[in-house]
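Chain and residue survey
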Amino acid sequence: MEAAFEEFLKEHAAEIVREPDGALCRDMHPRRSPACERILAEILADERLEKPEADGYPHSRLSKWVMTAPRDQRVAAGLGLEIPPPHIHFVPGQYRIFYDFKNTDMVLDELQAAGIAIKGTLLDFGCSSGRNLAVLRRAFGSELELFGADPAQASIDWLNENVKGASAVVSNQNPPLPFADEQFDIIIAKSIWTHFSPSAGRRWFAEMQRVLKTGGHFLFSTHGPHDVASRILLDIPSPRYDRYTGHEKWTRDGFLADLVRNYRDKGYYFQAFKEVGYQPDLHLIENADTADWGLMFVSPDYLKTMLPEGLSIVGRSVGRTGNRHDLYIVRRD
Ligand SMILES: C[S@@+](CC[C@H](N)C(=O)[O-])C[C@H]1O[C@@H](n2cnc3c(N)ncnc32)[C@H](O)[C@@H]1O
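Predicted, not measured: the structure shown is a model, and the values here were computed from it.

Section: the overall build of the chain
- Helix and strand counts for the chain stand at 12 helices and 9 strands.
- On C-alpha atoms alone, the chain measures out to a radius of gyration of 20 Å, which is about the 20 Å that the 2.2 N^0.38 rule sets for 333 residues.
- The C-alpha extent of the chain, read off along each of the three principal axes, is 60 × 50 × 40 Å.
- Per-residue burial over the chain gives 44% buried out of 333 residues.
- Contacts in the chain between residues at least 24 apart in sequence constitute 69% of all its contacts with a sequence separation of at least 6.

Set out below in structure tokens:
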């Protein structure tokens, strides 16, 4: 392994989660399962329905049930949505199902760990076709008023047609959002600040502050050292970095060497994606632009410089979503 990689792993050892035997931790689960436990309890109590497996994490029990249950059972359980057709944006998870039970619970778990009540108005910013909103809707019914925003028109149309009880809007790549000041109690944004350039990230933090209620909370994910370790040690994920970033000769090691050098020197590393066409996240967005959208890695210290005054960090959890992304929670003071 390159000496620079070893040094990075050593320097950031405290921010990289390991198994007891020293292996990089790959499989982090929510500690609590606020959404899945509710849904499981209802399925178990419903005499019409076959029962999910008895053991395992609630998110995997439910996912396996949705994978194997006949369609009429899933519909009866309020879990009848299929993965959308290919022209609709969708991030596939470990199980080939629409609902993202694990990450929805992960987000709720983190919010609850920070003492935040799951109620009021919730916005999923960068919601894609709504795989998290659908789980929230199924679990919380009318206890949460659910909103989504994403620049991909086709995803939003599909979501509004299929995920009943959530209301989603097409946003622009740049602020503002078509929402009122102080509209939301909670905002979540998974795998969005992992893509924004520092300047877009700053602009959108200010917009999150505007639409959050005073005392409201915003949870988002970033690529931090655990994610870098996963790329170095396990080659996960293994994107074609050259194709993503337009550096024709850029190998994985070349990209990662540049990343660790910049992370150390500046506290962040941003590489814009090469072009819209390769990008499942962008090619569905009208007039999409890659200048401010790519791969972004950020240190906790640099991240603090991106936040406007009045947004305070109240939670940080390492390597949580996708077993890679760090999760931050900020509060509008
Ligand atoms: C990696 S996906 C994550 C989707 C979703 N949060 C999830 O976990 O399934 C990134 C999403 O960001 C959306 N996106 C792209 N540019 C954006 C922008 N400027 N503002 C908000 N969302 C954006 C894409 O359309 C896509 O749905």
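Focus: the site of the ligand
- Around the ligand, the structure places 17 residues, and the nearest of them are Gly-126, Ser-128, Gln-173, Lys-190 and Ser-191.
- Tallied by class, the residues present in the shell around the ligand amount to 7 nonpolar, 6 polar and 4 charged.

Digging into the packing of helix H2 (residues 34-45) against helix H6 (residues 131-140)
- One can describe the packing of H2 onto H6 by two numbers: an axis separation of 9 Å at closest approach and a directional angle of 55°. Looking at the two axes, H2 sits oblique to H6. Every pair of crossing elements has a handedness; the one defined by H2 and H6 is left-handed. Residues Ala-35, Arg-38 and Ile-39 of H2 form the contact with H6, whose participating residues are Val-135, Leu-136, Arg-138 and Ala-139.
- Tallied by class, residues from the contact of H2 with H6 come to 5 nonpolar, no polar and 2 charged.

Points about the environment of Ala-288
- On the secondary structure map, Ala-288 appears in the loop between strand E6 (268-272) and strand E7 (294-298).
- Taking C-alpha positions, Ala-288 is 14 Å from Gly-126, a pair spaced 162 residues apart along the chain.
- Apart from the residues lying within four places of it in its own chain, the contact partners of Ala-288 are Gln-173, Val-276 and Leu-282.

Points about the pairing of strand E1 (residues 120-125)
- The pairing of E1 with strand E2 (residues 144-150) spans 6 bridges and is parallel. By the bridge assignment for E2, Leu-122 is matched with Leu-146.
- Running through H6, the crossover from E1 to the neighbouring parallel element E2 is right-handed.

What to know about the sheet that holds E2
- The 7 strands lie next to each other as E3-E2-E1-E4-E5-E9-E8, forming an open sheet whose pairing is mixed. Edge positions in the sheet fall to strand E3 (166-170) and strand E8 (311-321), since each of these pairs with one other strand and no more. Going from strand to strand, the sheet's axes swing by 15° on average, the running direction of each strand aside.
- Taken together, the 3 bridges between E1 and strand E4 (residues 184-189) define a ladder with parallel strand orientation. Directly across from Leu-122, in E4, lies its bridge partner Ile-186.

Considerations on unusual backbone geometry
- In the segment running from Pro-175 into Pro-176, the intervening peptide bond is cis, with an omega of 10°.
- Along the chain, Pro-176 falls in the loop between E3 and E4.
- That bond from Ile-236 to Pro-237 is cis: its omega, -10°, falls within 30 degrees of zero.
- The residue Pro-237 is located in the loop between helix H9 (225-234) and helix H10 (241-245) in this model.
- Despite not being glycine, Ser-128 shows a phi value in the positive range, around 55°.
- As for its position among the elements, Ser-128 is in the loop between E1 and H6.

Comments concerning the pairing of E2
- With 6 of 7 residues buried, E2 is to be regarded as a mostly interior element.
- Direction of pairing for E2 relative to E3: parallel, over a ladder of 5 bridges. Paired with Asp-150 across the two strands is Val-170, which belongs to E3.
- After leaving E2, the chain enters helix H7 (residues 153-162) and then returns to the sheet as E3, a path that is right-handed.

Some details on the environment of Asn-103
- Assignment of secondary structure puts Asn-103 in helix H5 (residues 101-113).
- On a C-alpha basis, the gap between Asn-103 and Ile-116 in space is 17 Å, while along the polypeptide they are 13 residues apart.
- Apart from residues lying up to four places away in sequence, Asn-103 is in contact with Asn-132, Lys-190 and Thr-321.

Side note on the environment of Leu-24
- Position of Leu-24 among the secondary structure elements: in the loop between helix H1 (3-11) and H2.
- Given 18 C-beta atoms within 10 Å, Leu-24 falls into the partly exposed group.
- In contact with Leu-24, other than residues within four places in its own chain, are Ile-16, Arg-18, Ala-229, Ser-230, Leu-233 and Leu-234.

Brief notes about H9
- Within H9, 8 of the 10 residues are buried, which leaves it mostly tucked inside the rest of the structure.
- When H9 is considered as a whole, its buried residues turn out to be Pro-225, His-226, Asp-227, Val-228, Ala-229, Ser-230, Arg-231 and Ile-232.
- Elements in contact with the buried residues of H9: H1, helix H11 (252-266), E7, E8 and strand E9 (325-332).
- The positive-phi residue at the C-terminal boundary of H9 is Asp-235, with phi of around 55°.

Criteria and cut-off values
Numbers given for residues are sequential positions, taken from 1 along each chain in its written order. Reporting of local features is limited, given that this is a predicted model, to residues whose pLDDT is at least 70; pairs of side-chain atoms are given and counted only at 80 or more, and all residues count toward the totals for whole chains, interfaces and linings. Here a strand is any run of E in DSSP of at least two residues, a helix any run of H or I of at least four, and the numbering for each starts at the N terminus. For a compact globule the rule gives 2.2 Å times the number of residues to the power 0.38, and the radius of gyration it is set against comes from C-alpha atoms. A residue is called partly exposed when the number of other C-beta atoms within 10 Å of its own lies between 12 and 20, exposed at 12 or fewer, and buried at 20 or more, with C-beta atoms placed from the backbone. Here, residues touch in the contact sense if the C-beta positions derived from the backbone fall within 7 Å of one another. All residues are tested the same way: a C-beta atom is placed from the backbone, and lying within 6 Å of a molecule or strand makes the residue near it. Gly is put with the polar residues, along with every residue not named as nonpolar or charged; the nonpolar set is Ala, Val, Leu, Ile, Met, Phe, Trp, Tyr, Cys and Pro, and the charged set is Asp, Glu, Lys and Arg. Note on method: axes are straight lines fitted to C-alpha atoms, helices fitted across the in-contact stretch only, with angles between N-to-C directions ranging 0 to 180 degrees. Note that the term roughly parallel is reserved for angles under 35 degrees, roughly antiparallel for angles over 145, roughly perpendicular for angles of 65 to 115, and oblique for everything else. Crossing handedness follows the turn of the near helix against the far one: under a right angle anticlockwise gives a left-handed crossing, and clockwise gives a right-handed one. Two strands form a pair only when DSSP identifies at least two bridges running between them. Here is how to tell: hold the view so the strands point away, follow the path from the first strand over the helix to the second, and if it runs clockwise the crossover is right-handed.

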